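The primary structure of each chain is shown beneath.
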Amino acid sequence: QSPPFWRRAGPNKQRSGRISSFVPYVCSSHKVHPQKADYLLFQLNAIQKATIEDAADDGDGDRLSKLPNDLLLNILERVDTLDALRACFLSKQMLKLPTLLSQLFLSAGSIPGHHDSARVFRPSEVLRTNRAVAHVTDNILSTRSPEITISKLKIKFVLTQHESLTIGKSVARAIATQKFGAAEFEVTTDKAYKICSPADFLHFGKQFNDFVGACPDAFAGLTRLWLRNMRFGEFDIPNILSTCKLLESLRLSHCDSGIHSVLQVEHAQLAELEIDQGKFERVELICLPKLQRVRYNNWCSYEDPLYFGFAPQLSKLILTKTAVRSQKTLELSQLLANVSSISDLHLDFRSEKIWVLPECPKLLTPVLSKLQHVNLDHLPEGCDLAWTMFILEAAPSLKELCITLWDHWCIMTTDNEFRKKYGFCEKIDMKWKPYAPDFKHKNLAKLTIYGFQPDDNLLRYIRSVMEHAVNMAEISLHDRKVCVSCSDLDSEIKDKFCPSRYPRTAEKRKQTTEELGSLAMIHFRS
């Protein structure tokens, strides 16, 4: 009897090599936290050890063979598929399980030891692992029973000609011959963004276009697509979208159509769009009838980064920006002029300039009338928060407001000369006065503050919110968020850290609540 496909010797038999961190993000986790995934495999290994010991004692064979398949499959589908294949060496019964998996996640990062941050990997290991991913993808999809539905297929791979074609054609055949649910490609390049030249970006963009042209049936069945480090022609991204007819989620990281280019997006099924960096002047969402979520991280434009055309279901908008003095302050009334369905708004200021302009309720209420959740992240510590009250004035349906105050030094530019040269701002308070000083908000029920310090600014702000939000039920106060990377910064930067004065004793907490004038609704969470 021939061994299972994934045990056969072949050109990729050296797949024990581990993935290189040379490729950005290729080692990110899937489904469960890496430590939990490793724990699941540890449990299986423990069973294997006990099985071997017991088999020597009672000759009863391994106990893994007595576990029901649905239990084993439930465990194996919680980890990367390559890890699951290794676990299937544990018993004879498990040798047949890979072809029964309904969820498959094949990644160039699924190699033993890839969670070890101290491990240094070579670029050659990336390519070897990528070949293993292509080989296993081809074999596992070609040996499955067509009667077993693939509920989810996710493949993370490096864009290389032979391996990409192998993956693309294998997926196309599987989509055509098997029962399929969701299919996802996450495509990165063999060079990280920071070392890519303009010619590299163009080369990777052309390489991906060739890939799409060679495997249109695979892309026609995709539901999610994530691309990194590619520069396309003016019409390339729209053409890719027209090929991916079932696409529900598109993410572009360091991708664009040239410096100051304009991207126009139209798609019948797209529900989620994420853009990280890139050099677009503007992204125009022309006609997206099913679009629900948009995230834009660090646009380069000095004008409004987004134009909303027809997007009637858009409910969540996430904007992140490290702004400098010369960049435009966004006016939400203009940015969202064609959108009145936003219920969840997340603005991340990266501990730098406040880049949103407080506006009067008359202009803002038409676009924020359905807003229920607001998250203001990475606001500079020590700044007056009174300006945020414009959101309460303009959003009558608001239920929850979350504010994070944080001078997050490891994401900030700290070199003084660099900050001066490129126009980074020092801390300044945003000027604002209420348009209706006596307004009452009837729906805001929860205020959460991370980075709470019992200073006059914050105490005055909380009292103001309590005064206007007449049905406030809970105010949760947390200490500063903790970042492990910040502990590795130079001592010169660490000297800028201000010790936290978060009230931790019962006495100090009682004093704070008395100053706020409310005992029942104040909760100290740290």
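See the structure printed just above.
Computed from a predicted structure; not experimentally measured.

It is worth spelling out helix α2 (residues 69–76) at this point. Helical geometry: 3.6 residues make up each α-helical turn, so side chains three or four residues apart lie on a common side. Within α2, burial applies to Leu-72, Leu-73 and Leu-76. Taken around the axis of α2, the buried residues stretch over an arc of 100°, which confines them to a single face.

This part takes up the sheet that holds strand β6 (residues 261–266). Spatially, the three strands line up as an open sheet ordered β6-β8-β10, and their pairing is parallel. Of all strands in the sheet, those bounded by a partner on one side alone are β6 and β10 (306–310). The mean inter-strand angle of the sheet, taken between neighbouring strand axes irrespective of direction, is 15°. Direction of pairing for strand β8 (residues 280–287) relative to β10: parallel, over a ladder of four bridges. Within the sheet, the bridge partner assigned to Val-283 lies in β10 and is Leu-306.

Moving on to the layout of surface pockets. Approximately 510 Å³ is the volume found for the second largest pocket. For the second largest pocket, the lining is made up of 26 residues, of which Glu-381, Trp-406, Asp-407, Arg-480 and Cys-498 are closest to its centre. Here the lining of the second largest pocket is built from residues that sort into eleven nonpolar, six polar and nine charged.

The subject of this paragraph is the side chain of Glu-352. Tracing the sequence through the fold places Glu-352 in the loop between β12 (344–348) and α10 (361–368). Owing to a relative accessible area of 5%, Glu-352 belongs among the buried residues under this scheme. In this structure, Glu-352 is in contact with Thr-322, Ala-323, His-378, Pro-380, Met-412, Thr-413, Arg-419, Phe-424 and Cys-425, ignoring residues within four places of it in sequence.

Okay, the nonpolar core next. Burial of nonpolar side chains together is a common tendency in soluble globular proteins. Residues Phe-185, Phe-208, Leu-225, Val-283, Leu-319, Leu-376 and Leu-401 are the most contacted members of the largest nonpolar core, which totals 127 residues. The biggest single contributor to this core is helix α13 (residues 456–468), with six residues. Counting five residues, the second largest nonpolar core, distinct from the first, contains Met-412, Cys-486, Leu-489 and Ile-493.

All right, on to the packing of helix α5 (residues 161–177) against helix α6 (residues 198–214) then. Contact geometry of α5 with α6 gives a least axis separation of 10 Å together with a crossing angle of 30°. As summarised for this structure, α5 and α6 are arranged roughly parallel, according to the angle between their axes. For the element pair α5 and α6, the recorded crossing hand is right-handed. Contacts between α5 and α6 involve Gln-161, Ser-164, Leu-165 and Gly-168 from the first element and Gln-207, Phe-211 and Ala-214 from the second. Here the residues of the contact of α5 with α6 sort into three nonpolar, four polar and no charged.

Moving on, we come to the pattern of salt bridges. Within this structure, the stated rule accounts for 24 salt bridges. Of the charged contacts, one joins Glu-284 and Arg-282 as a salt bridge, the two residues approaching to 2.7 Å between their closest N and O atoms. Look at Glu-284 and you get buried, because its relative accessible area is 10%. Classification of Arg-282 by relative accessible area gives partly exposed; the value is 31%. With its nearest N and O atoms 2.8 Å apart, the salt bridge here joins Glu-474 to Arg-525. Placement of the pair is Glu-474 in strand β16 (residues 474–478) and Arg-525 in the segment after β17 (522–524), with a sequence separation of 51 residues.

What counts as what
Residues numbered from 1 in each chain as written. Predicted model: local features only at pLDDT ≥ 70, side-chain atom pairs only at ≥ 80, totals over all residues. Heavy atoms only, no water. Buried < 20%, exposed > 50% of the residue type's maximum accessible area, 1.4 Å probe, protein only. Helix = DSSP H or I, 4+ residues; strand = E, 2+ residues; numbered from the N terminus. Arc of directions from axis to C-beta. Pairing = 2+ DSSP bridges. Axes fitted to C-alpha atoms, helices over the stretch in contact; angles between N-to-C directions. 1 Å grid on protein atoms, 1.4 Å probe; cavity = no way out; pocket = protein on both sides within 12 Å on 5 of 7 lines; lining within 4 Å. Points joined across faces, edges and corners; volume = space filled by probe spheres on them. Nonpolar A, V, L, I, M, F, W, Y, C, P; charged D, E, K, R; others polar. Contact = heavy atoms within 4.5 Å. Core = buried A, V, L, I, M, F, W, Y, C linked by side-chain atoms within 4.5 Å. Parallel < 35°, antiparallel > 145°, perpendicular 65-115°, else oblique. Left-handed = near helix turned anticlockwise from the far one by under 90°. Salt bridge = Lys/Arg side-chain N within 4 Å of Asp/Glu carboxyl O.

Spatial relationships are all this shows, so hold off on functional conclusions.
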